[in-house]
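Commentary on secondary and tertiary structure
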Amino acid sequence: MFKQLTAAAAVVCLLLAAFSAPAGAAMMTETFALSGTGSFMDSPPFFSGTIVSGTLAPGTFWFRIDDTGWPTDDPMTPENERWDFIFAAYFQYDPTPGAEGWDGRFPSTTLGELAPEWRFDAGSGDICGGLTTSFTITIPDINANGILEDNEYINKVFSIGLYCYINFGTGEFQSFCGQGNCSGTLDLVDEQTGLEEFNVPSSASPSGRLYLRDTNCHTGNEESSWGEIKRIHIR
C-alpha cells in the first residue's frame, strides 16, 4: 500500500540529487515533524497545527487546498455531496495485488486548479512557504473489494512535495528558496465534522526536510498574509 509513497520518495530523491547551488552560495537544510488537524469539509480545506520537532521547532504550519467549484454538503440529505465530489474527481483506484487502494492527487491534473499552498512559521518572524509540487493521499482497500468502506477511510497516508518561493520568506528565510518533502498519516477523528488528525511523524530524525539556497530563486503568487490566515484558521 505504501508503494505510491515509495515512488514519490524516489522522485523527490532524484530532484534533490539534482538540487545544487553555485560555488559560494549559501545553503541550509531544515527538518520538521508536524502535528495538527483539518477537514476537507472546510472551505477551503485547511490543515494547521504545530511544528513539534526538528530545526524549525517550535513553530506553526498550515496547508491550504484550492476548492474552487467544490460543492457544499446539504445537511438535509443522507449523502455527503462534498465528499462524493472529491472522491470522484481526485481519487483513482489502484488494483495492484497486495497494494489495492485509492490515490487522491491535489491538484487534479484535469481540473486546471492551483497547487495547494503551505507556510511554516518557525517563530520570531522566520517564515518560509510556497506551493506543493505534489500532494497525494492514499486510502487502503483493506479487503481488496474495490468498495470504499468506513474503516478504510479512517486511516490514510499522505506524501507531499514542497517548493519554497523567495517572496514568501521572512527573517532567516527572506533570501532563500528550495525544495523538500514530507509524509505522514491523516486519520479521521470526527465523522460529523470530517475533522482529521494531520501528522508528520516525530523521531530522533524528523522525516520532513527542506533543502534551501539563496541563489536562482523564483517568486510565487500570494493572496493572503500569514497573519490573516492564522487569525482565521488556527484555533
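Residues numbered from 1 in each chain as written. Predicted model: local features only at pLDDT ≥ 70, side-chain atom pairs only at ≥ 80, totals over all residues. Heavy atoms only, no water.

Quick look at the overall build of the chain
Helix and strand counts for the chain come out as four helices and 11 strands. Of all 235 residues assigned to the chain, the portion counted as buried reaches 45%. Here the analysis covers contacts within the chain between residues at least 6 apart in sequence; of these, 64% occur between residues at least 24 apart. When the accessible surface of the chain is summed, it comes to about 11300 Å², and 54% of that surface belongs to carbon and sulfur atoms. (Helix = DSSP H or I, 4+ residues; strand = E, 2+ residues; numbered from the N terminus. Buried < 20%, exposed > 50% of the residue type's maximum accessible area, 1.4 Å probe, protein only. Contact = heavy atoms within 4.5 Å. Areas by Shrake-Rupley, 256 points an atom, 1.4 Å probe, with all protein chains shown as cover.)

Overview of a negative patch on the surface
A grouping of Asp73, Asp74, Glu79 and Asp84 is seen on the molecular surface, where their side chains present a negatively charged patch. Counting through the fold element by element, Asp84 comes out in helix 2 (residues 81-90). (Patch = residues over 30% accessible without salt bridge, like charges linked within 9 Å, V, L, I, M, F, W, Y side chains within 5 Å. Salt bridge = Lys/Arg side-chain N within 4 Å of Asp/Glu carboxyl O. Lys, Arg positive; Asp, Glu negative; His and termini not counted. Charge placed at Lys NZ, Arg CZ, Asp CG, Glu CD.)

Quick word on the pattern of salt bridges
Scanning the entire structure with this criterion turns up four salt bridges. Close ionic contact of Asp67 with Arg82 constitutes a salt bridge, the shortest N to O distance being 3.0 Å. Residue Asp67 is located in the loop between strand 3 (59-64) and helix 2, and its partner Arg82 is located in helix 2; the two are separated by 15 residues in the primary sequence. Classification of Asp67 as buried rests on a relative accessible area of 12%. Judged by its relative accessible area of 2%, Arg82 is buried. Here Lys156 and Glu196 are joined by a salt bridge, their closest N and O atoms 2.5 Å apart. Here Glu196 lies in strand 10 (residues 195-200) and Lys156 lies in strand 8 (residues 155-164), a separation of 40 residues in the sequence. Residue Lys156 shares its accessibility class with Glu196, and that shared class is buried.

Focus: the pairing of strand 6 (residues 117-121)
The buried fraction of strand 6 is high, at five of five residues. The alternating pattern of strand 6 places Glu117, Arg119 and Asp121 and Trp118 and Phe120 on opposite faces, both of which are buried. Where strand 3 lies against strand 6, five bridges are found, and the strand directions are antiparallel. Across the sheet, the residue bridging to Arg64 is Glu117, located in strand 6. Taken together, the five bridges between strand 6 and strand 7 (residues 127-140) define a ladder with antiparallel strand orientation. In the strand pairing of strand 7, Glu117 is matched with Leu131. In sequence, strand 6 turns back onto strand 7 through a hairpin of five residues, with Gly123 there showing a positive phi of about 90 degrees. (Pairing = 2+ DSSP bridges.)

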